[in-house]
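Fold and geometry: a report
Here is what each chain is made of, one letter per residue.
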Amino acid sequence: MDESHENDALTNQKPSTEQDIADELNLKMKKYLRGKVNDLEGLKDKKLKTQLTIREELYGKSAKAAAKAEKWLMPSEGGYLEPEGIEKTWRIKQDAIAREVNIISARNQYDIVLPDLGPYTLDFTSSGRYMAIGGRKGHLGIVDLINLSLIRELQVRETVRDVVFLHNELFFAAAQKKYTYIYSREGTELHCLKEHGAVLRLQFLENHFLLASVNKYGQLHYQDVTMGAMVGNFRTGLGRTNVMQVNPFNGVVGLGHSNGTITMWKPTSSAPLVKMLSHRGPVLALAFHSNGQLMATAGLDKKVKIWDLRKFEVLQTLPGHASSLDFSQKGLLAWSNSSFVQVLRDASGTHNYSKYMTHSMVKGYQIGKVAFRPYEDVLGIGHSQGWSSILIPGAGEPNFDSWVANPFETSKQRREKEIRSLLDKLPPETIMLDPSKIGTVQTTKKEKKTKQERESEMEAAVEDVKGKKLKNKTKGRNKPGRVAHKKQEALAKVKRPYIEQKVQEEENTSTKKQKTSEGVELPKSLQRFARKKASS
């Protein structure tokens with residue numbers, strides 16, 4: 001009996017058969033199908049019926065391909081903290097998370113204390129493997145986050161305000177006291193960008209290979225790092241600002257100003273694309289969602305606002321003071337205030353953010369910048385005593401595309417990717433608020449002709465009619481009176497459209513005048529001169 005029970009248990013634990021795999025694929029296909037399949041039995045048009053059947057087959061094939069890719073090419077699944085009972089996720093501490101995760105994930109939780117060189121700012125590569133650090137007192141370095149090894153560090157012995165990676169980890173730019181410098185991975189100084197001036201913030205546009213900077217005089221610069229040419233140099237006219245962020249969806253640069261306004265710029269326009277009043281005080285922080293539809297702003301009025309960039313409307317207003325903001329790949333929003341970090345999550349999918357996690361630094365630490373690490377559930381924190389890293393479950397994309405960002409790429413793959421990205425480099429003209437308009441046909445509006453143009457066109461048409469010779473008819477049908485009558489009919493036919501257009505315009509202007517006169521209330525002294533309505 002015992003042996004039979006053991007055999008039954010073994011048979012129940014068999015690996016998944018082809019039928020189980022097919023059932024799982026069918027479940028995944030439902031997520032990618034475009035609604036229910038249309039019922040085509042009632043269609044009488046055979047041509048339309050065949051076209052729709054072919055289209056439905058293509059929809060089914062694409063859904064099946066997407067389901068297969070999700071099963072075999074994206075094995076990792078993202079997850080969030082799940083509380084039990086009355087437990088709250090924001091009460092779970094980092095120590096409790098570190099005890100439950102694996103060893104590799106636990107290594108991403110650390111504190112680096114360098115009190116003599118801070119405060120620190122940081123930046124990650126697009127793959128999330130490398131991190132550039134910059135201390136205010138001249139400390140620069142590159143860290144390999146997989147091996148947790150320091151690749152290179154140097155001391156420039158002057159103020160460093162910001163650091164940013166260029167297209168890969170081989171080059172990074174540092175905004176120093178007087179000029180902006182570009183360094184190699186080995187710490188060699190390659191370029192000194194004197195035209196940018198004393199830069200406060202740096203951003204890099206990966207698809208366009210543009211280095212954007214804003215200096216202490218409120219000047220915005222765009223420099224092409226491939227050719228070295230200055231693409232744009234604009235005065236914002238709104239004073240000094242140290243709030244700058246790039247929208248990853250369309251490449252538009254957002255600036256926050258001291259009068260509470262936010263401006264959005266592109267390198268081919270000297271005027272801002274958008275200028276909106278967001279806060280009743282200086283803007284302190286700005287962040288864009290990766291889908292390009294959401295924007296988070298923080299001001300000195302102690303409010304954090306989440307905006308819908310499609311309508312430029314406020315979706316949610318949260319009370320609180322924030323000195324730095326950042327969106328993760330999965331839409332989590334992190335904000336910092338003094339020595340306190342708070343992470344918000346949109347659990348319902350309706351852009352209604354609520355508290356997800358909190359973290360308190362050692363008392364006295366002043367946080368300068370927070371940034372999520374791509375493809376990892378990690379939040380990097382640069383503060384006055386060094387930099388730290390904490391675990392935020394569900395923050396990063398669980399599956400990376402090796403053609404887009406590969407954390408484990410070799411030197412050969414990096415060279416190939418660099419060449420491919422240079423060939424696919426986008427010109428600055430492609431930066432716009434709605435990049436989906438690229439490739440569409442712009443319809444030209446018909447310009448209204450002036451009165452003189454219409455008259456000259458009518459005169460030319462009349463002269464053409466007068467110059468035409470009529471055919472000679474048979475005897476009795478070629479009388480002078482009949483010929484003159486035909487010429488008058490031809491002239492009237494040519495003049496008719498012009499006269500009708502003139503009459504139509506006069507009617508439109510009269511109705512407009514009547515509406516405006518009806519809408520405006522005349523004073524009592526002039527009401528007796530107003531046209532009275534006909535009594536019914």
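Higher on the page you've got the structure.
Residues numbered from 1 in each chain as written. Predicted model: local features only at pLDDT ≥ 70, side-chain atom pairs only at ≥ 80, totals over all residues. Heavy atoms only, no water.

Some remarks on the nonpolar core
Worth spelling out the cut-off: Remark: nonpolar core denotes a set of buried residues (Ala, Val, Leu, Ile, Met, Phe, Trp, Tyr, Cys) joined through side-chain atoms within 4.5 Å. We call a residue buried when its accessible area falls under 20% of the maximum for its residue type, exposed when it is over 50%, and partly exposed in between, using a 1.4 Å probe and counting protein chains only. Each helix is a run of H or I in the DSSP string that is no shorter than four residues. Each strand is a run of E no shorter than two, and both are numbered from the N terminus. Working rule for contacts: check all heavy atoms of both residues, and any pair within 4.5 Å makes them a contact.
Counting residues in each nonpolar core, the largest one holds 25 residues, and the members touching the most others are Tyr222, Val253 and Met295. Going through the elements one at a time, strand S11 (210–215), strand S12 (219–224), strand S14 (243–246), strand S15 (253–256), strand S16 (261–265), strand S17 (274–277) and strand S18 (283–288) are the ones with two or more residues in this core. Beyond its immediate chain neighbours, meaning those up to four positions away, Tyr222 contacts Leu210, Leu211, Ala212, Ala229, Met230, Val231, Gly232, Phe234, Val253, Trp265, Lys266 and Pro267. Counting 21 residues, the second-largest nonpolar core is a separate cluster that includes Ala334, Met357, Tyr365 and Phe372.

With respect to helix H2 (residues 18–32)
This is how the line gets drawn: Here the expected span of a helix is defined as 1.5 Å times the quantity of residues minus one. As used here, the arc is the angular range of directions from the helix axis to the C-beta atoms.
In this model, H2 (15 residues) spans 21 Å end to end at C-alpha, consistent with the 21 Å of a helix rising 1.5 Å per residue. Buried within H2 we find Leu25, Lys28 and Met29. When H2 is viewed along its axis, its buried side chains cluster within an angular range of 110° and face the same direction. Turned more than 90 degrees away from the buried face of H2, the exposed residues are Gln19, Leu27, Lys30 and Lys31.

As for the environment of Ser126
With respect to the helices and strands, the residue Ser126 is situated in the loop between strand S2 (120–124) and strand S3 (130–135). Its relative accessible area of 28% is what places Ser126 among the partly exposed residues. As for Ser126 and Glu206, which are separated by 80 residues in sequence, their C-alpha atoms are 9.1 Å apart. In contact with Ser126, other than residues within four places in its own chain, are Glu206, Pro374, Tyr375, Ala405 and Lys417.

Here we look at a nonpolar patch on the surface
Where we set the bar: Patch membership requires over 30% relative accessible area and the absence of a salt bridge. Like charges are linked within 9 Å, and nonpolar side chains (Val, Leu, Ile, Met, Phe, Trp, Tyr) within 5 Å. Calculation of accessible area relied on Shrake-Rupley with a 1.4 Å probe; when residues are assessed, cover is drawn exclusively from the protein chains displayed. By definition here, a salt bridge exists when the distance from a side-chain nitrogen of Lys or Arg to a carboxyl oxygen of Asp or Glu is within 4 Å.
A surface patch of nonpolar side chains, about 450 Å² in accessible area, is lined by Tyr32, Trp72, Leu73 and Met74. Residue placement: Tyr32 occurs in helix H2. Using a relative accessible area of 32% as the deciding quantity, one classes Tyr32 as partly exposed.

A short note on the sheet that holds strand S6 (residues 160–165)
As a reminder of what qualifies: The pairing criterion for strands is at least two bridges between them, as found by DSSP. Note on geometry: axes are C-alpha line fits, over the in-contact stretch for helices, and angles between N-to-C directions span 0 to 180 degrees.
In space, the four strands of this open sheet follow the order S6-S7-S8-S9, with antiparallel pairing throughout. The open sheet has two edge strands, S6 and strand S9 (189–193), and neither has a second partner. Along the sheet, successive strands turn relative to each other by an average axial angle of 20°, direction set aside. As defined by bridge partners, strand S8 (residues 180–184) adjoins S9 across four bridges and the pair is classed as antiparallel. Across the sheet, residue Thr180 finds its bridge partner in S9, namely Leu193.

Considering a negative patch on the surface
To keep it simple, the criterion reads: None of His or the chain ends enter the tally, which takes Lys and Arg as positive and Asp and Glu as negative. To locate a charge, take atom NZ for lysine, CZ for arginine, CG for aspartate or CD for glutamate.
A grouping of Glu455, Glu459, Glu463 and Asp464 is seen on the molecular surface, where their side chains present a negatively charged patch. Tracing the chain through its elements places Glu459 in helix H7 (residues 451–467). Here Glu459 falls in the exposed class, since its relative accessible area comes to 52%.

Digging into the side chain of Thr358
Where we set the bar: Under this definition, polar contacts are N or O atom pairs within 3.5 Å; protein pairs additionally need one hydrogen-donor-capable and one acceptor-capable atom, and for neighbouring residues in sequence, both atoms have to be side-chain atoms.
Mapping Thr358 onto the fold places it in strand S25 (residues 354–360). A distance of 2.9 Å separates a polar side-chain atom of Thr358 from the backbone oxygen of Trp90. Contact partners of Thr358, with chain neighbours within four places excluded, come to Trp90, Phe340, Val341 and Gln342.

Some words on the pattern of salt bridges
On inspection of all chains with the given rule, the structure shows six salt bridges. Between Glu169 and Arg185 there is a salt bridge, with the nearest N and O atoms lying 4.0 Å from each other. Taken together, the positions of Glu169 in the loop between S6 and strand S7 (171–176) and Arg185 in the loop between S8 and S9 put the pair 16 residues apart, joining distant regions of the chain. The class for Glu169 is buried, based on a relative accessible area of 5%. Across the pair Glu397 and Lys330 runs a salt bridge, and its minimum N-O distance is 3.5 Å. Linking Glu397 in the loop between strand S28 (386–391) and helix H6 (411–423) with Lys330 in the loop between strand S22 (324–327) and strand S23 (333–337), this pair joins segments that are 67 residues apart in sequence. Given a relative accessible area of 25%, Glu397 falls into the partly exposed group. A relative accessible area of 38% means that Lys330 is categorised as partly exposed. Among the charged side chains, a salt-bridge network with shared partners connects Glu169, Arg185 and Arg414.

Quick look at the packing of aromatic side chains
Rule in force here: To pair, rings of Phe, Tyr and Trp, with the six-membered ring standing in for Trp, must have centres within 6.5 Å; the planes then decide the type, stacked if under 30 degrees apart, edge-to-face if over 60, and tilted in the middle. A positively charged side chain is recorded as over a ring if its NZ (Lys) or CZ (Arg) lies within 6 Å of the ring centre. The angle to the ring normal must also be within 35 degrees.
Under the criterion given, the structure shown has nine aromatic pairs. Aromatic side chains Phe204 and Phe209 sit 6.3 Å apart centroid to centroid with 85° between the ring planes, which places their arrangement in the edge-to-face category. By relative accessible area, which is 10% here, Phe204 ends up buried. A relative accessible area of 2% means that Phe209 is categorised as buried. Their ring planes at 50° and their centres at 6.1 Å tell us that Phe400 and Phe408 sit as a pair that is tilted. The exposure class assigned to Phe400 is partly exposed, which follows from its relative accessible area of 35%. An aromatic cluster is present here, built from Phe172, Tyr181 and Tyr183 joined pairwise through their rings. Lying across the ring of Trp90, Lys355 places its NZ or CZ 4.3 Å from the centre.

Points about unusual backbone geometry
Leaving glycine aside, a negative phi is the common case for residues, and trans is the common case for peptide bonds. In this model, Gly118 is joined to Pro119 through a cis peptide bond whose omega is 0°. Within the fold, Pro119 resides in the loop between strand S1 (110–113) and S2. For Arg157, which is not glycine, the phi torsion reads 60° and is therefore positive. Note that Arg157 resides in the loop between strand S5 (149–155) and S6. Even without being glycine, Tyr375 reaches a positive phi, approximately 65°. Relative to the helices and strands, Tyr375 is located in the loop between strand S26 (367–372) and strand S27 (378–383).

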